[in-house]
Every structure is written in structure tokens, then in C-alpha cells.
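One letter stands for each residue in the lines below.
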Number of protein chains: 2
Amino acid sequence: MSNETPDQGVTFKSLLFNENGKFCLPCTLYKSFQYISGTTGKSVTSPAPIQEETISKQSTALSTLPSSDLIPGSRTYVKEDPPDVNKLGSASWTFLHAVAAKYPEKPTPFQQEEMSDFLNIFSHVYPCFWCAKDFEKYIKENAPNVKSQEELSIWMCQAHNKVNKKLGKAQFNCDFWKARWKDGWDEQ
Amino acid sequence: MSNETPDQGVTFKSLLFNENGKFCLPCTLYKSFQYISGTTGKSVTSPAPIQEETISKQSTALSTLPSSDLIPGSRTYVKEDPPDVNKLGSASWTFLHAVAAKYPEKPTPFQQEEMSDFLNIFSHVYPCFWCAKDFEKYIKENAPNVKSQEELSIWMCQAHNKVNKKLGKAQFNCDFWKARWKDGWDEQ
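Keep in mind that this is a model prediction, so the values were computed, not measured.

**Let's talk about the overall build of chain A**
Scanning chain A for helices and strands turns up 6 helices and 0 strands. Here chain A holds 188 residues, and the buried ones make up 48% of them. Counting every atom, chain A has about 9,100 Å² of accessible surface; 51% of that belongs to carbon and sulfur.

As C-alpha cells, this is what we get:
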């Protein structure tokens, strides 16, 4: 996704707030946080441009790679393999939990319908066929609760825990969904 | 997402093939690949269970953490902060490129409609408001090409490059979409 506002360039200097003036964590680089107090968005000071540092670090790292590790014709892209089931699962849960945490606290009927449709289609297009089938089955037995941000976030947490259980992983305490996926742990 | 087949437990022993018997990379752990030839799925030998190793390594790492770094009441979950704009962007692109790479080569009209709807809703629910607005604008000016897996994958690559350009990052050569997001680099 684009990590900038349409008119802010690539310095991430003004990405702390969203359309209604509220703090927008998913619009912000943690790198910026050393300049502000916690994750509340108060006392904001513009951080130095991030992009230059990123490119600098990337160049240093890449300069040590044999050219055979780079994509032909590229000086920056390494031959990274497609995501396996774990990397895809981790990336997808990060995306889904973040979507739920940013869902409106009081969604309109249209927003509720769109979210239900989105999760339904998600279960059809998810690249791991078996995982998609499991998710489709879970949705049929446990309709996504799209009534509010909190209800959707807890539903997502419970859906994730169902998978954790299948994989023999520990259950995440859904009481902490907001700290994990929305506000951070500063005030915990 | 679930990383298992409904009836295979958590050993990932039988996740190499999808519903039509074809090799399914997004269903597979790279850990398994040391047991098979390349990414073709040929000469498959079941790998040792992954989960135990994962838990073992995780436990070792966690045992060195102060309890204040762990979520109250948990012995396994650390207080990880919500994803920032970079982590969310990286996770979301991984998900989107993988979805495109697994999209049917000859999608039905229904599958094409669902994918168009999915990307449209994606631009409404993406957690970073500014990023979502950029993506929504891009979709309006460049309708997703959902006619085939290759066309959708190249469209996604071009959409990502539009963001790369905005961020001052190098352009990815979309001729390599299949090696990067579907087949891997073994035969490159």
C-alpha cells in the first residue's frame, strides 16, 4: 500500500492523523515515535525523513550480496521466494487484525455489508486452498460480527485462536485485542 | 489462517497439493522443501513435524524475556505493538501478490466479479486511511485486470510499482512476477 499522503512526499512527516483528525497508527512509522509521546499522537514533532535512511541501509546490505542473488537487471531486488504457508498466514493475520482494529466503532449498514462481503470473498481467494476452506467453514458456523470495531476485532481474535488451537499454539487472550492491534501497550 | 488440512493435524506432512492435485506452494512450509526437489512438488517425502521444533525454539527464546515483556497471563505472547505503516504495507502486499498468483488462469465470470469486488472493498477497509485513498484512486483510474491469473498478477505488480515510485523505491520488473510470487527462482 502507499505509505504516504497524496501530497506529503516520502518523509512520513504528516502521517499521524487520519481524515477526522484522529491519530492514525497504521499511517505512521514507529521510527517517528521517538519524537512523540507514546502512541497517543500528542506532542508531535516531525521526524527526519525515513526513506533516505532506509535506502542507505538497504544499499549497504545489498552491496554485500553476490549478483546471482539479485533479480536480473536489478540492483535492489533480491530473488526472494514466494511466501510459504507460515509467512502468508502471518502476513494475512496482520492485515486482518489491523483491518478489524480500524473498522468503525459505529459502522453504517453499508459498511457492515461490505465487511461481511470482504471476509466472505477472502475465504474464496485466500491462496492456501486448505486454509481457505477452513476459514470458509468457520465463517459459515460463526458469522463475522460486523456490528462494531470491538465486536469484529474480538471475532477476528477468536477466529485466529481457532487456528491456534488446531496448530497446537497457545490461545491469545482476546481481552488484549485493543493493545495488540490498535493502541499499543504503553498504558497496559 | 489455518496452516493445515482439516484432517492432517499440524505436521504439514500433506500440504503440498491443492484440490486438483497440483502443487500448492502457499499450502507448504519451506522447511519441507529440503525433502523435495525444488518447488515442483516432485519426489515428495514427508518432513518431520514442524510444530514441535517451532514450539521448542519459541520456548527457548521466550525463556530469556522478562515477564514484563509478556502479555499478562501468557507465557508465550510478547507485548507486540500494532503494525506500523511499513509492517502493514509489507504484510498487505505479500497477501495481495499471493492472492493474485493463486487466482485462476481462466476465472469464471463469478470469480472475476468477486475479485473486482474484493479489491474495491479492500480500498475502503485498508487501515491506513491515506494509503487506502491512494489505492481507491488508483483502482478508479486503472481498473483491476481480473481476466486471468497473469493479467491480475501484472496489474498488482504495476499497482505496487506506482507506490514504489511515490516512495522513491526501485521499480520491480513485472516480467518476474511468477518467479517472485508463484513458482520461485529455481529455474531462473
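**A few points about the UniProt feature "domain: ERV/ALR sulfhydryl oxidase" (unreviewed entry) in chain A**
The sites that UniProt annotates as "domain: ERV/ALR sulfhydryl oxidase" (unreviewed entry) are residues 81–181 of chain A. Structurally, residues 81–181 of chain A comprises 70% helix and 0% strand, and the distance from its first C-alpha atom to its last is 28 Å.

**Description of the pattern of salt bridges**
A side chain of one charge can pair with a side chain of the opposite charge if their charged atoms are brought near each other. Applying the stated rule across the entire model yields 13 salt bridges over all chains. A salt bridge links B:Glu80 to A:Arg180; the shortest N-O distance between them is 3.1 Å. Of this pair, B:Glu80 sits in the loop between helix H1 (50–63) and helix H2 (85–102) while A:Arg180 sits in helix H6 (residues 177–183), on two different chains. The class of A:Arg180 is buried, set by a relative accessible area of 10%. Measuring nitrogen to oxygen at the nearest pair gives 2.6 Å for the salt bridge that ties B:Lys87 to B:Glu80. Through salt bridges that share partners, A:Glu80, A:Lys87 and B:Arg180 make up one connected network.

**Examining the nonpolar core**
Within the largest apolar cluster, 58 residues are counted, with the highest numbers of intra-cluster contacts made by A:Met115, A:Trp155, B:Met115 and B:Trp155. When contributions to this core are tallied by element, the ones reaching two or more residues are helix H2 (85–102), helix H3 (109–125), helix H4 (129–141) and helix H5 (149–166) of chain A together with H2, helix H3 (109–125), helix H4 (129–141) and helix H5 (149–166) of chain B. Not counting chain neighbours up to four residues away, the residues in contact with A:Met115 comprise A:Val99, A:Tyr103, A:Val146, A:Leu152 and B:Val125.

**Considering the side chain of A:Asn161**
Residue and element names in this part refer to chain A. Its location among the elements puts asparagine 161 in helix H5. Judged by relative accessible area, asparagine 161 falls into the buried class, the value being 7%. When sequence neighbours within four positions are dropped, the list of residues in contact with asparagine 161 reads Ala170, Gln171, Phe172 and Cys174.

**Quick notes on the packing of H3(A) against H3(B)**
In a pair of packed helices, the angle between the axes and the distance between the axes together describe the arrangement. Axis separation between H3(A) and H3(B) bottoms out at 9 Å; the angle between their running directions is 130°. What the angle tells us is that H3(A) and H3(B) run oblique. When the axes of H3(A) and H3(B) are compared, the crossing they make is left-handed. Residue-level contacts link A:Glu114, A:Met115, A:Asp117, A:Phe118, A:Ile121, A:Phe122, A:His124 and A:Val125 of H3(A) to B:Glu114, B:Met115, B:Asp117, B:Phe118, B:Ile121, B:Phe122, B:His124 and B:Val125 of H3(B). Of the residues assigned to the contact of H3(A) with H3(B), the class counts are 10 nonpolar, 2 polar and 4 charged.

**Focus on the environment of A:Gln171**
The topology assignment puts A:Gln171 in the loop between H5 and H6. With sequence-adjacent residues up to four places away left out, A:Gln171 is seen in contact with A:Asn161, A:Asn164, A:Lys165 and B:Tyr77. From its side chain, A:Gln171 meets the backbone oxygen of A:Asn161 in a polar contact 2.9 Å long.

**Regarding a negative patch on the surface**
Together, A:Glu113, A:Asp117, B:Glu113 and B:Asp117 make up a negatively charged patch on the protein surface. For the negative patch, the elements supplying multiple residues, two or more each, are H3 of chain A together with H3 of chain B.

**Some words on the side chain of B:Glu136**
Along the chain, B:Glu136 falls in helix H4. Discounting chain neighbours no more than four positions away, the residues touching B:Glu136 are B:Ser123 and B:His124.

**Brief notes about H3(B)**
One turn of the α-helix equals 3.6 residues, which is why residues spaced by three or four share an orientation. Between its first and last C-alpha, H3(B) extends 24 Å over 17 residues, near the 24 Å set by a 1.5 Å rise per residue. Check the buried side of H3(B) and you find it contacts H2 and H3 of chain A together with H2, H4 and H5 of chain B.

**Re the environment of A:Pro127**
Tracing the backbone through its elements, the reader meets A:Pro127 in the loop between H3 and H4. Through-space distance from the C-alpha of A:Pro127 to that of A:Lys102 is 24 Å; in sequence the pair is 25 residues apart.

**So, the packing of aromatic side chains**
What the rule picks out here adds up to 24 aromatic pairs over all chains. Here A:Phe95 and B:Tyr126 contribute two aromatic rings whose centre-to-centre distance is 6.4 Å and whose plane-to-plane angle is 25°, an arrangement assigned as stacked. You can see A:Phe95 sitting in helix H2 and its partner B:Tyr126 sitting in the loop between H3 and H4, one on each of two chains. Overall, the relative accessible area of 0% leaves A:Phe95 in the buried class. With relative accessibility at 3%, the residue B:Tyr126 sits in the buried group. One residue, A:Arg180, lies across the ring of A:Trp181, its end atom 3.8 Å from the ring centre.

**Some points on the confidence of the model for chain A**
Low-confidence regions, as indicated by low pLDDT, have predicted coordinates that should not be scrutinised in detail. Residue and element names in this part refer to chain A. Model confidence for chain A is summarised by a mean pLDDT of 78, while 65% of its residues fall at 70 or above. The weakest mean pLDDT in chain A belongs to helix H1 (residues 50–63) at 47; the strongest belongs to H3 at 98. For the stretch residues 2–14, pLDDT sits under 50, and the model shows 43 contacts to residues farther than four places along the chain or on other chains. With pLDDT under 50 throughout, residues 34–57 is counted as low confidence; its partners more than four residues away or in other chains account for 41 contacts. Reported confidences for the modelled complex are a pTM of 0.78 and an ipTM of 0.77.

Procedures and definitions
Every chain's residues receive numbers from 1 upward, in the order its sequence appears when written. For this description, chains carry letters from A and ligands carry numbers from 1, given in the order in which they are written. With the structure being a predicted model, the display of local features is reserved for residues of pLDDT at least 70 and the display and counting of side-chain atom pairs for 80 or more, all residues being used for whole-chain, interface and lining totals. Heavy atoms throughout the structure, all of them, feed into the side-chain values; hydrogens and water do not. We count a stretch as a helix when DSSP gives it H or I for four or more residues in a row; a strand needs E for two or more, and each element gets its number in order from the N terminus. Exposure is judged per residue with a 1.4 Å probe applied to protein chains only, and the accessible area is read against the type maximum: over 50% gives exposed, under 20% gives buried, and values in between give partly exposed. Using a 1.4 Å probe, the Shrake-Rupley method yields the accessible areas, and only the shown protein chains count as cover for residues. UniProt positions are given in the numbering used here, feature names are shortened, and annotations may be inferred rather than shown by experiment. Any Lys or Arg side-chain nitrogen located within 4 Å of an Asp or Glu carboxyl oxygen qualifies as a salt bridge. Throughout, nonpolar core names a set of buried Ala, Val, Leu, Ile, Met, Phe, Trp, Tyr and Cys residues whose side chains join them through atoms within 4.5 Å. The contact criterion used throughout is that any non-hydrogen atoms of two residues lie within 4.5 Å. Only C-alpha atoms enter the line fits that serve as axes; for helices the fit covers just the stretch in contact. Angles between N-to-C directions range over 0 to 180 degrees. Just so you know how the angles are binned, under 35 degrees is roughly parallel, over 145 roughly antiparallel, 65 to 115 roughly perpendicular, and the rest oblique. Helix crossings get a hand from a simple test, with the near helix turned counterclockwise from the far one by less than a right angle marking a left-handed crossing and a clockwise turn marking a right-handed one. Think of it as three bins: nonpolar holds Ala, Val, Leu, Ile, Met, Phe, Trp, Tyr, Cys and Pro, charged holds Asp, Glu, Lys and Arg, and polar takes everything else, Gly as well. Pairing of N or O atoms within 3.5 Å defines a polar contact, subject to two protein rules: one partner must be a possible hydrogen donor and the other a possible acceptor, and residues neighboring in sequence count only if both atoms are side-chain atoms. To count toward a patch, a residue needs a relative accessible area above 30% and no salt bridge. Like charges then connect within 9 Å, nonpolar side chains (Val, Leu, Ile, Met, Phe, Trp, Tyr) within 5 Å. Residues scored as charged are limited to Lys and Arg (positive) and Asp and Glu (negative), so that His and the chain ends carry no count. In plain terms, the charge of a residue is placed at NZ if it is Lys, CZ if Arg, CG if Asp and CD if Glu. In a helix, the anticipated span is given by 1.5 Å times the number of residues less one. Only Phe, Tyr and Trp rings are paired, with Trp represented by its six-membered ring, and only when their centres lie within 6.5 Å; those with planes under 30 degrees apart are stacked, over 60 edge-to-face, the remainder tilted. Note on criteria: charge over ring means Lys NZ or Arg CZ within 6 Å of the ring centre, with the direction from the centre no more than 35 degrees off the ring normal. Every residue gets a pLDDT, meaning the predictor's confidence in that residue, from 0 to 100.

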